[in-house]
Amino acid sequence: MTDLENCLATVIEVFHKYSEKEGDKHKLKKTELKELLTHELPSLTEHVKDQATMDSLMESLDADSDSECDFQEFMTFVTMVTICCHEFFEHHEDE
């Protein structure tokens, strides 16, 4: 597989690694999402100091208001984070 294909497979595997822990294996409950973010994106979550911020993130990801994060909602988040990282590195590439 190509690098990009490997990355796509990894995103899918990571989602299911956490979504299969409780309830619907195709959706992340709030606790599963928090665990995923804490373990898989520690550089991002180390700046989150309170539960209210994590709750706010979950609410903003939960487009259909079912109190869970499905794969499409998760990918919207991954896309937003990827865009932010790309923009950050574009602005700091000359430093």
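Provided above is the structure to which this section pertains.
Rules and cut-offs
Residues numbered from 1 in each chain as written. Predicted model: local features only at pLDDT ≥ 70, side-chain atom pairs only at ≥ 80, totals over all residues. Heavy atoms only, no water. 1 Å grid on protein atoms, 1.4 Å probe; cavity = no way out; pocket = protein on both sides within 12 Å on 5 of 7 lines; lining within 4 Å. Points joined across faces, edges and corners; volume = space filled by probe spheres on them. Helix = DSSP H or I, 4+ residues; strand = E, 2+ residues; numbered from the N terminus. Nonpolar A, V, L, I, M, F, W, Y, C, P; charged D, E, K, R; others polar.

## A few points about the layout of surface pockets
So, step 1. Approximately 240 Å³ is the volume found for the largest pocket.
So, step 2. Taken together, T10, V11, V14, L36, E40, L41, F74, F77, V78, V81 and T82 make up the full set of residues lining the largest pocket.
So, step 3. Of all the elements in the fold, those that place two or more residues in the lining of the largest pocket are α1 (3-19), α2 (30-40) and α5 (71-92).
So, step 4. Considering every element that reaches the lining of the largest pocket, the biggest residue donor is α5, with 5 residues.
So, step 5. Within the lining of the largest pocket, the residues separate by chemical class into 8 nonpolar, 2 polar and 1 charged.
So, step 6. Size it by volume and the second largest pocket reaches roughly 190 Å³.

Remember, this is a structural readout, not a statement about activity or role.
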